[in-house]
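Breakdown of the fold
Read off the chains here:
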Amino acid sequence: MSTHENLLGGPAPTHLPDDPEPRELLASGTAPAEVAAKYPASSLVWAQLSDDAFEAGRVVESYAYARTGYHRGLDALRRAGWRGHGPVPFEHEPNRGFLRALHALGRAAQAIGEDDEYERCSTFLRDSSPTAADILG
């Protein structure tokens, strides 16, 4: 968490602690399912599994992976002091797994006709990180 005063009066940005091992394993080409088995708390791994399933046309599987990553990310955010709202900056690399899972959940929800959930996820993503919303789509 930042020690700088928030002049806008809102909650300070939440910065998740770095967990480089899953990111490094994925970058080295290790299968995401293998990384998930070793690091099941990593939102990044579940987001990658969701992306892979979505790209292969396995939308329901993508939805399940994304939901897992989203909930793992909420757990991590709460442990980091997040109170249910406030910035989760995409610029802080450890936050990207959660933000990617949130995006993937919205994308998969839309694909299976869960329009209300798609809207909630889209709004939550934009409220958490406008940068993530712009980059991830």
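Up top you'll find the structure we're talking about.
Residues numbered from 1 in each chain as written. Predicted model: local features only at pLDDT ≥ 70, side-chain atom pairs only at ≥ 80, totals over all residues. Heavy atoms only, no water.

Points about the nonpolar core
General note: in soluble globular proteins, nonpolar side chains tend to be found buried as a group. Ranked by internal contacts, the top residues of the largest apolar core, which has 23 residues, are Tyr70, Phe98, Leu99, Leu102 and Phe124. Of all the secondary structure elements, the ones that give two or more residues to this core are α4 (59-79), α5 (96-111), α6 (115-128) and α7 (130-136). Considering each element in turn, this core owes the most residues, seven residues, to α5. Formed by seven residues, the second largest nonpolar core is a distinct cluster that contains Val35, Ala36, Leu44 and Leu49. (Core = buried A, V, L, I, M, F, W, Y, C linked by side-chain atoms within 4.5 Å. Buried < 20%, exposed > 50% of the residue type's maximum accessible area, 1.4 Å probe, protein only. Helix = DSSP H or I, 4+ residues; strand = E, 2+ residues; numbered from the N terminus.)

Focus on a negative patch on the surface
Negative charge collects at one region of the surface, where Glu114, Asp115, Asp116 and Glu119 lie side by side. Structurally, Asp116 can be placed in helix α6. A relative accessible area of 57% means that Asp116 is categorised as exposed. (Patch = residues over 30% accessible without salt bridge, like charges linked within 9 Å, V, L, I, M, F, W, Y side chains within 5 Å. Areas by Shrake-Rupley, 256 points an atom, 1.4 Å probe, with all protein chains shown as cover. Salt bridge = Lys/Arg side-chain N within 4 Å of Asp/Glu carboxyl O. Lys, Arg positive; Asp, Glu negative; His and termini not counted. Charge placed at Lys NZ, Arg CZ, Asp CG, Glu CD.)

Points about the pattern of salt bridges
This model, assessed by the stated rule, comprises eight salt bridges. A salt bridge links Asp51 to Arg100; the shortest N-O distance between them is 2.7 Å. With Asp51 in helix α3 (residues 43-55) and Arg100 in helix α5, the pair connects residues that are 49 residues apart, well separated along the chain. On the basis of relative accessibility, which here comes to 14%, the residue Asp51 falls in the buried class. A salt bridge links Arg67 to Glu117; the shortest N-O distance between them is 2.0 Å. Pair noted here: Arg67 is in helix α4 and Glu117 is in helix α6, with a separation of 50 residues, a long-range link. With relative accessibility at 7%, the residue Glu117 sits in the buried group. Among the ionic contacts, a cluster of salt bridges with common partners joins Asp18, Arg23 and Glu93.

Examining the layout of surface pockets
In this structure, the largest pocket occupies an estimated 460 Å³ of space. Asp19, Ser42, Ser43, Leu44 and Pro94 are, among the 22 residues lining the largest pocket, the residues nearest its centre. Elements that contribute at least two residues to the lining of the largest pocket include exactly α1 (20-27), α3, α4 and α5. Its residues placed into classes, the lining of the largest pocket shows ten nonpolar, five polar and seven charged. In this structure, the second largest pocket occupies an estimated 160 Å³ of space. The wall of the second largest pocket is formed by Leu102, His103, Gly106, Arg107, Gln110, Tyr118, Cys121, Ser122, Leu125, Arg126, Ala133 and Gly137. Where the lining of the second largest pocket is concerned, the elements lending two or more residues are α5 and α6. (1 Å grid on protein atoms, 1.4 Å probe; cavity = no way out; pocket = protein on both sides within 12 Å on 5 of 7 lines; lining within 4 Å. Points joined across faces, edges and corners; volume = space filled by probe spheres on them. Nonpolar A, V, L, I, M, F, W, Y, C, P; charged D, E, K, R; others polar.)

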